[in-house]
Amino acid sequence: MNEDTHTAPDLAALALGLLRGPGSNARTILGLAGPPGAGKSTLARHLVAEVERREGPGSAAYLPLDGFHLSAAQLDRLGLSHRKGAPATFDAHGYVALLRRVASDRFQDIYVPDFDRELDEPVAARHVVAPHARLVITEGNYLAATEHPWPEARRLLRELWYVDAEDTVREDRLLRRHRAGGRDEDSARHWVTTNDHPNGEYVKTGRSLCTRIVRVSGLPAAQEGRSVL
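As a starting point, this report considers the structure included with it.

The rules behind these values
- Residues numbered from 1 in each chain as written.
- Predicted model: local features only at pLDDT ≥ 70, side-chain atom pairs only at ≥ 80, totals over all residues.
- Heavy atoms only, no water.
- Helix = DSSP H or I, 4+ residues; strand = E, 2+ residues; numbered from the N terminus.
- Polar contact = N/O pair within 3.5 Å; in protein donor to acceptor, adjacent residues only side chain to side chain.
- Contact = heavy atoms within 4.5 Å.
- Core = buried A, V, L, I, M, F, W, Y, C linked by side-chain atoms within 4.5 Å.
- Buried < 20%, exposed > 50% of the residue type's maximum accessible area, 1.4 Å probe, protein only.
- Phe/Tyr/Trp six-rings, centres within 6.5 Å; stacked < 30°, edge-to-face > 60°.
- Axes fitted to C-alpha atoms, helices over the stretch in contact; angles between N-to-C directions.
- Parallel < 35°, antiparallel > 145°, perpendicular 65-115°, else oblique.
- Left-handed = near helix turned anticlockwise from the far one by under 90°.
- Nonpolar A, V, L, I, M, F, W, Y, C, P; charged D, E, K, R; others polar.
- Arc of directions from axis to C-beta.
- Salt bridge = Lys/Arg side-chain N within 4 Å of Asp/Glu carboxyl O.

Turning to the side chain of Arg27, a few remarks are in order. Mapped onto the elements, Arg27 comes out in the loop between helix H1 (8-17) and strand S2 (28-33). In terms of polar contacts, Arg27 uses its side chain to reach the backbone carbonyl oxygen of Asp105, at 3.0 Å. Within the structure, Arg27 has its side chain in polar contact with the backbone oxygen of Pro131 (distance 3.2 Å). The residues contacting Arg27, other than those within four sequence positions of it, are Val102, Asp105, Arg106, Ile110, Val129, Ala130, Pro131, His132, Ala133, Arg134 and Val136.

The structure is reproduced here in structure tokens:
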């Protein structure tokens, strides 16, 4: 397992390298795991943009696990609203099913859901994997988790990178995220302590299962309040 601090161009070059060599005619899926606030979605979007800049529009696509958040109605039904973001609050089987389709279907547009932080709800079909997309980058907290069905997702990935960041950096990002979403300082800090922190500690247990550990420097900043990070 490789571990190092990488610049954004370094990581773009590594992603482009997955499209070269044996098996490069097949569609490649690259996964990014890591705890909340590590920078997964910011990195994923950057890599998609860089691959498209080099290989052409539609050559790369983005598939966020956050699109498989259960809706507020389902969280209420299950009594899990206070644990939003924990493993049980995702449609993990639906995520795996979409990954399987992405890996096997090269003839149709494949629509991908996302999570809208202004609505605080998942939304359908925000992204699309075009038939000619060669690299699909998927990211989410639990891609390296060992409980069923997460290993099924892992088997569909060419590589799985663990996006790492200092806990203090992540906490600051998470506090800013929750304040931007409408929480006051006290409730934002309470949510980070009681929900984001235990979720992050759980995610860390899968670190050793990843192909590469990356800490990113020089990554363009995401729009405030819009990135999952």
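From this point, the narrative continues.
Grouped together as the largest cluster of nonpolar side chains are 30 residues, with contacts concentrated most on Leu63, Leu65, Tyr95, Val102, Val129 and Trp150. Every element with two or more residues in this core is listed here: S2, strand S3 (60-64), helix H4 (92-104), strand S4 (110-116), helix H5 (150-154) and strand S7 (159-163). Per-element tally for this core: the top contributor is H4, with six residues. Leave out the neighbours within four places in its chain, and Leu65 touches Phe90, Tyr95, Glu139, Gly140, Asn141, Tyr142, Leu143 and Trp150.

In this section: the packing of aromatic side chains. In this structure the tally under the stated criterion is five aromatic pairs. Here Tyr95 and Trp150 contribute two aromatic rings whose centre-to-centre distance is 6.3 Å and whose plane-to-plane angle is 45°, an arrangement assigned as tilted. With Tyr95 in helix H4 and Trp150 in helix H5, this pair connects stretches of sequence that are 55 residues apart. The exposure class assigned to Trp150 is buried, which follows from its relative accessible area of 4%.

Running from N to C, helix H6 (residues 167-180) and helix H7 (residues 185-204) point in directions that differ by 135°, and their axes come no closer than 9 Å. Overall, the two elements H6 and H7 adopt an arrangement that is oblique. Considering how the two elements wind past one another, H6 and H7 form a crossing that is right-handed. Between H6 and H7, the contacting residues are Asp167, Arg170, Glu171, Leu174, Leu175, His178 and Arg179 on the first element and Glu185, Ala188, Arg189, Trp191, Val192, Asp196 and Lys204 on the second. A class-by-class count of the residues in the contact of H6 with H7 yields five nonpolar, one polar and eight charged.

Here we come to H1. Every buried residue of H1 is accounted for by Ala8, Leu11, Ala12, Ala15 and Leu16. An end-on view of H1 places all buried positions within 140° of arc, on one side of the element.

Turning to its location among the elements, Ser104 is positioned in helix H4. A relative accessible area of 58% means that Ser104 is categorised as exposed. A distance of 3.0 Å separates the side chain of Ser104 from the backbone oxygen of Arg100, its partner in a polar contact.

With an omega dihedral of 5°, the bond running from His148 to Pro149 counts as a cis peptide bond. A positive phi angle, near 60°, is found at Asp120, a position not held by glycine. Locating Asp120 in the fold gives a position in the loop between S4 and strand S5 (121-129). Phi is positive for Ala125, close to 60°, though the residue is something other than glycine. Residue position: Ala125 is located in strand S5.

Another point: the pattern of salt bridges. The tally for this structure, following the rule as stated, stands at 19 salt bridges. Here Lys84 ties to Asp120 by a salt bridge, and the two come within 3.2 Å at their closest N and O atoms. Taken as a pair, Lys84 in the loop between helix H3 (72-78) and H4 and Asp120 in the loop between S4 and S5 lie far apart in primary sequence, 36 residues in all. The exposure class of Asp120 is partly exposed, given its relative accessible area of 39%. As a salt-bridge pair, Arg126 and Asp116 come within 2.7 Å of each other at their nearest N and O atoms. Of this pair, Arg126 sits in strand S5 while Asp116 sits in strand S4; the two residues are 10 residues apart in sequence, bridging distant segments of the chain. According to the relative accessible area criterion, Arg126 is partly exposed, its value standing at 36%. Accessibility expressed as a relative area gives 8% for Asp116, which makes it buried. One salt-bridge network, held together by shared partners, links Asp164, Glu166, Arg207 and Arg215.

These figures capture arrangement, not role.
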